[in-house]
Amino acid sequence: MHISEGILPAQLCISGYGITSLITWYSLRQINRLPNPQASIPKASLLTAAFFVASSIHIPIPPASVHLVLNGLLGTVLGYYAFPAILVGLFFQAIMFGHGGLTTLGINGLIMGIPALLAYQIFQLRHLLGNGIKESLSMSIFGFIAGASAIGVSSLIFFTIIITNVPSGFDSVLEQRVIYGLMISHIPLMGIEGILTAMIISFLRRVMPELLPS
């Protein structure tokens, strides 16, 4: 779900950097409002490493192959730390693996970072909507929804940008087939990441509940 260099026009890449900078500033501002902003840095570092490695875990889902993203998990566990953590992970993926690129770092940050923040808000809804449900079940349900929704929103943003900015000269029929195939293959990924997020949330609740957002 990384957009490589050379596909998007320069003005869109610059806009991506501008919007990403604003969201990063807002996230850091929210983090600095916490009683101890440094307390979650080790946890954020660990999950940044997991996000970095996840792109190398490919899952064959015909007619394509997809890889884990884990942005929903990062958003659920890290809250506002998730956006800068994802940005750092994308930077190292670009310079070490060639996934994405430096010119598209801002756009890729938006594609994966915004849904992560959305996942955090969805998970927090358990306090409002899950009062009549057992806590363990509520966490699993909202963890699944958060993980699946993050992939769904990321895919929607990614394919919208690709469809509206495909360079001229491409075979339109082939382009449509490839895009539709990739869209279909990401639907099962939503379920996989939703289940994975719910399982990790349930595990953390039992062994290290202090790692979960209050």
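Our subject is the structure that appears above.
Now for a quick tour of the structure. (Residues numbered from 1 in each chain as written. Predicted model: local features only at pLDDT ≥ 70, side-chain atom pairs only at ≥ 80, totals over all residues. Heavy atoms only, no water.)

Quick look at the overall build of the chain now. Looking only at helices and strands, the chain has eight helices and two strands in total. Counting from the amino terminus, helix and strand elements in the chain follow one another as α-α-β-β-α-α-α-α-α-α. Here the C-alpha coordinates of the chain stretch approximately 55 × 35 × 30 Å along the principal axes. Sorting the 214 residues of the chain into buried and exposed places 47% on the buried side. Total accessible area on the chain stands at roughly 10,700 Å², and carbon and sulfur atoms take up 70% of it. Each charge class in the chain was averaged separately, 8 positive and 6 negative side chains, and the resulting centres sit 16 Å apart. (Helix = DSSP H or I, 4+ residues; strand = E, 2+ residues; numbered from the N terminus. Buried < 20%, exposed > 50% of the residue type's maximum accessible area, 1.4 Å probe, protein only. Areas by Shrake-Rupley, 256 points an atom, 1.4 Å probe, with all protein chains shown as cover. Lys, Arg positive; Asp, Glu negative; His and termini not counted. Charge placed at Lys NZ, Arg CZ, Asp CG, Glu CD.)

Positive phi values are uncommon outside glycine, yet L70 reaches one of about 70°. Residue placement: L70 occurs in the loop between β2 (64–67) and α3 (71–78). Given the relative accessible area of 9%, L70 is considered buried.

In terms of nonpolar packing, the biggest core is built from 47 residues, with I3, L74, L78, I111 and M112 touching the most fellow members. When contributions to this core are tallied by element, the ones reaching two or more residues are α1 (10–32), α2 (41–54), α3, α4 (82–96), α5 (105–124), α7 (135–164) and α8 (172–207). Here I3 is in contact with L8, G100, G101, T104, I107, N108, I111, F158, I161 and I162, once residues within four sequence places are set aside. (Core = buried A, V, L, I, M, F, W, Y, C linked by side-chain atoms within 4.5 Å. Contact = heavy atoms within 4.5 Å.)

Below, the discussion takes up the side chain of S154. Here S154 lies in helix α7. At 2.9 Å, the side chain of S154 and the side chain of N71 are in polar contact. Here S154 is in contact with M1, N71, I111, M112 and P115, once residues within four sequence places are set aside. (Polar contact = N/O pair within 3.5 Å; in protein donor to acceptor, adjacent residues only side chain to side chain.)

Here we take up α2. Given a rise of 1.5 Å per residue, 14 residues ought to cover 20 Å, and the 20 Å separating the end C-alpha atoms of α2 matches this to within 8%. Those residues of α2 that fall on the buried side of the exposure criterion are K43, A44, L47, T48, F51, F52 and A54. (Expected span 1.5 Å × (residues − 1).)

Okay, the pattern of salt bridges next. A full pass over the atoms with the stated rule returns one salt bridge. Across the pair E135 and R205 runs a salt bridge, and its minimum N-O distance is 3.7 Å. A residue pair is termed long-range when its members are at least 10 positions apart, and E135 in helix α7 and R205 in helix α8 qualify at 70 residues. (Salt bridge = Lys/Arg side-chain N within 4 Å of Asp/Glu carboxyl O.)

Structurally, L8 can be placed in the segment before α1. A relative accessible area of 10% means that L8 is categorised as buried. As a C-alpha pair, L8 and I41 span 33 residues in sequence and 33 Å in three-dimensional space. Here L8 is in contact with I3, C13, T104, I107, I161 and N165, once residues within four sequence places are set aside.

The next point concerns α4. The end-to-end C-alpha distance of α4, which contains 15 residues, comes to 21 Å, matching closely the 21 Å that a straight helix rising 1.5 Å per residue would cover. Along α4, the residues that are buried comprise A82, F83, P84, A85, I86, L87, G89, L90, Q93 and A94. Looking one or two residues beyond α4, the residue adopting positive phi is G98, at roughly 75°.

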